[in-house]
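Geometric and topological summary
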Amino acid sequence: MRSPQKETDRLGLRSRITCPHCWQEFAAHETHWIAVHPDLSGDPIAGSDEQLRFLPTRFNVNGQAIDMNGVACSELACPHCHLVIPRALLEMKPLFFSILGAPGSGKSYFLASMIWGLRNILRRSFRLAFSDADPLANQLLNEYEEKLFLNPDSNELVALPKTEKEGELYQGVSMDQRTVWLAKPFVFSLQPDTDHRLETKSSQLSRAVCLYDNAGEHFLPGGSNTNNHGTQHLSLSQALFFLFDPTQHPRVRSRCSGKSADPQMKDHAWTHRQDQVLFEAASRIRTQAGIPQNAKYKRPLIVVVTKYDAWCSLIGCPPLNSAHLVYESEAGGFLLDTERILKVSDKIRTVLSELTPEFISAAESFAEDVTYIPVSALGTSPEIAPHGGFLAIRPSHIRPMWTEIPFLYGLHKAVPHLIPSASSTARRSTPGVDQISETQLPAGTRNPREAGS
Ligand SMILES: Nc1nc2c(ncn2[C@@H]2O[C@H](COP(=O)(O)OP(=O)(O)OP(=O)(O)O)[C@@H](O)[C@H]2O)c(=O)[nH]1
Ligand SMILES: [Mg+2]
Ligand SMILES: [Zn+2]
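Residues numbered from 1 in each chain as written. Chains lettered and ligands numbered in written order. Predicted model: local features only at pLDDT ≥ 70, side-chain atom pairs only at ≥ 80, totals over all residues. Heavy atoms only, no water.

1. Quick notes on the coordination of the magnesium ion (ligand 2)
Each protein donor to the magnesium ion (ligand 2) is listed here as Ser108 (OG) and Thr163 (OG1); together their distances run 2.1 to 2.2 Å. Here Thr163 lies in the loop between helix 4 (139–149) and strand 10 (170–175) and Ser108 lies in helix 3 (residues 107–124), a separation of 55 residues in the sequence. Each member of the pair, Ser108 together with Thr163, is buried. (Donors = N, O, S within 2.8 Å, 3.2 Å for Na, K, Ca; no water. Helix = DSSP H or I, 4+ residues; strand = E, 2+ residues; numbered from the N terminus. Buried < 20%, exposed > 50% of the residue type's maximum accessible area, 1.4 Å probe, protein only.)

So, in structure tokens, the structure goes:
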């Protein structure tokens, strides 16, 4: 029989772990285990339907804790919130990326489309193995992907549900004699594959990537309270992905009038003040991370400008093809064209500065490093379902555009060497958003810095 500390050392586990549910840090030897014996059901924190969590004193030869009734266990839990900790978090450094944005800005569709694209591009191009660290925990996201990308009835209308506050993507636990709601993480393991050029550095480069799909209401002013800790990942995040939805902005709608049939462009469709959502997030991050009011946020703020298919007429609808940004170098190996991403960002910023200046100023007054990346999770407009009147899409029509790019760019910034970059100047460029000339931009959206140059 070994002690928990000896087990930690023997298995080479990380000495400190951050819980992806309650974000508290704890030592590996404090990790709780989840009892298996049926008589040990009911946990004072995780809930009466859950098996008991316990700090083990006995392990079998395979390193599994033995519960009080003598059964070997396999699942681990946080000593604070008692929720399940995927093993990847004991072995790899965590990488938190926060996705935030107003209700209806496209977070759930973007997340599903991004993960679907990443499963392919990370392995195929960057030789990185990217897989579900805990398939059970990622089940809902897997269902989203299946609905959109593996649907046998690909001509039937489908829709992802609106993310509800305290719904399926949240878990309630009893802490300090009250129910506290925590966001469910989606956890992926990301590690160099055997044919990666830095495979020998795998232990330094591997990451347990934690992502969250919050209800947009949680980001509205007043949307978080002492019983809801759903957005605390913001302050731990290595990069923020703020989803800005131009279709919710009255000026964009009016400029695209007659050029987009998207139902979301209609005047009566809902809108939220997205600059206010960003201010609210900024204020929470400053408070939680102890950043003074006059200091800027230092980590990347990636403004993911969603639903490109609906507003692309503003810039003449050049195609967004990931192959324009991810390409094979002459020396072998794939590179991300970060120079081109920054040029695209400049163009999008120019357009948004004219139409949505309050948002640009909110973003740039908060963060030092802001990049604007257009994406479309669907590549086409949803339609109004004849029964129910909600927005839905036919899977066979879905053509995602650049949904993997914000993550690749965030990863490039957060973990040096994982996603190598290059500039496009060395190669023949294909036409893209960065090559739209100032004169092609709609009048009034030209960048005074560049005009006439
Ligand atoms: N035109 C277009 N519409 C999109 C796209 N992605 C999502 N939508 C539509 O945007 C609406 C909202 O998308 P969601 O992903 O549910 O938005 P959300 O941010 O998760 O919203 P909450 O869960 O309420 O916070 C849906 O009706 C989608 O049909 C896109 O790429 N293009
Ligand atoms: Mg949602
Ligand atoms: Zn916890």
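2. Points about the site of ligand 1
Among the 23 residues in the neighbourhood of ligand 1, the closest are listed as Lys107, Lys162, Gly216, Asp262 and Asp309. In the model, a nitrogen atom of ligand 1 is placed 3.0 Å from a nitrogen or oxygen of the Gln264 side chain. In isolation ligand 1 exposes 660 Å². Once the protein is present, 94% of that is buried. Looking at the shell around ligand 1 element by element, the count peaks at 3 residues for helix 3. For the shell around ligand 1, the residue count by class is 8 nonpolar, 10 polar and 5 charged. (Near = heavy atom within 4 Å. Polar contact = N/O pair within 3.5 Å; in protein donor to acceptor, adjacent residues only side chain to side chain. Areas by Shrake-Rupley, 256 points an atom, 1.4 Å probe, with all protein chains shown as cover. Nonpolar A, V, L, I, M, F, W, Y, C, P; charged D, E, K, R; others polar.)

3. Section: the coordination of the zinc ion (ligand 3)
In the first shell of the zinc ion (ligand 3), the protein supplies Cys19 (SG), Cys22 (SG), Cys78 (SG) and Cys81 (SG), at 2.3 Å from the metal. Metal-centred angles of 105 to 116 degrees between the 4 donor atoms at the zinc ion (ligand 3) mark the site as tetrahedral. Of note, the zinc ion (ligand 3) draws all its donor residues from one chain, in the sequence arrangement C-x2-C-x55-C-x2-C. Relative accessible area serves as the criterion here: at 0%, Cys81 is assigned to the buried category. (Tetrahedral: all angles 85-135°; square planar, octahedral: opposite > 155°, others 65-115°.)

4. Some points on the side chain of Asp262
With respect to the helices and strands, Asp262 occurs in the loop between helix 6 (250–255) and helix 7 (274–289). Buried charge without a salt bridge: Asp262, with Lys307 as the nearest opposite-charge side chain at an N-O distance of 7.1 Å. In terms of polar contacts, Asp262 uses its side chain to reach the side chain of Ser381, at 3.1 Å. The residues contacting Asp262, other than those within four sequence positions of it, are Asp309, Ala310, Ser381 and Pro382. (Lys, Arg positive; Asp, Glu negative; His and termini not counted. Salt bridge = Lys/Arg side-chain N within 4 Å of Asp/Glu carboxyl O. Contact = heavy atoms within 4.5 Å.)

5. Here we look at the sheet that holds strand 3 (residues 32–34)
With respect to topology, 3 strands assemble into an open sheet ordered 6-3-7, the strand pairing being antiparallel. Two strands in the sheet have a free side with no partner beyond their single neighbour: strand 6 (53–54) and strand 7 (76–77). Of the pairings in the sheet, the one linking strand 3 to strand 6 comprises 2 bridges and is antiparallel in character. Along strand 6, the bridge assignment pairs Ile34 with Arg53. (Pairing = 2+ DSSP bridges.)

6. Remarks on the state of the cysteines
A full pass over the atoms with the stated rule returns 1 disulfide. Linked covalently through their sulfurs, Cys312 and Cys317 form a disulfide whose S-S length is 2.1 Å. Between Cys312 and Cys317, the disulfide has an S-S torsion of 75 degrees and is therefore right-handed. With a relative accessible area of 10%, Cys312 lands in the buried category. You can call Cys317 partly exposed: its relative accessible area is 38%. (Disulfide = S-S within 2.5 Å.)

7. Examining the nonpolar core
Counting residues in hydrophobic clusters, the biggest one holds 135 residues, and the most contacted among them are Leu122, Leu301, Trp311 and Leu408. Domain assignment of the residues forming this core places at least three in each of domain 1 (4–85) and domain 2 (90–440). Discounting chain neighbours no more than four positions away, the residues touching Leu122 are Arg127, Leu128, Phe130, Leu190, Phe407, Leu408, Leu411 and Ile419. (Core = buried A, V, L, I, M, F, W, Y, C linked by side-chain atoms within 4.5 Å. Domains from an automatic or database assignment.)

8. Considerations on the side chain of Thr356
For Thr356, the location among the structural elements is in the loop between helix 9 (338–355) and helix 10 (357–366). Setting aside chain neighbours within four positions, we find Thr356 in contact with Phe244, His249 and Val252.

9. Some remarks on the packing of helix 3 against helix 4
Their axes nearest at 9 Å, the elements helix 3 and helix 4 cross at an angle of 85 degrees. Overall, the two elements helix 3 and helix 4 adopt an arrangement that is roughly perpendicular. Mapping the contact onto sequence places Ser108, Tyr109, Leu111, Ala112, Ser113, Ile115, Trp116 and Arg119 in helix 3 and Leu141, Asn142, Tyr144, Glu145, Leu148 and Phe149 in helix 4. Taken together, the residues of the contact of helix 3 with helix 4 break down into 9 nonpolar, 3 polar and 2 charged. (Axes fitted to C-alpha atoms, helices over the stretch in contact; angles between N-to-C directions. Parallel < 35°, antiparallel > 145°, perpendicular 65-115°, else oblique.)

10. A short note on the pairing of strand 10
Bridge analysis of strand 10 against strand 11 (residues 178–183) gives 6 bridges, and the strand direction is antiparallel. Each residue of the ladder has a partner; that of Gly172, found in strand 11, is Trp181. If you look at the hairpin formed by strand 10 and strand 11, you'll find 2 residues sitting between the two strands, and Asp176 has a positive phi there, around 50 degrees.

11. What about the sheet that holds strand 18 (residues 370–374)?
In spatial order, the strands read 9-12-13-8-14-15-18; together these 7 strands make up an open sheet with mixed pairing. Single-partner strands in this sheet number two, and they are strand 9 (128–132) and strand 18. Between one strand and the next, the sheet's axes are offset by a mean angle of 25 degrees, whatever the strand orientation. Bridge analysis of strand 8 (residues 93–101) against strand 13 (residues 207–211) gives 5 bridges, and the strand direction is parallel. Paired with Phe96 across the strands is Cys210, a residue of strand 13.

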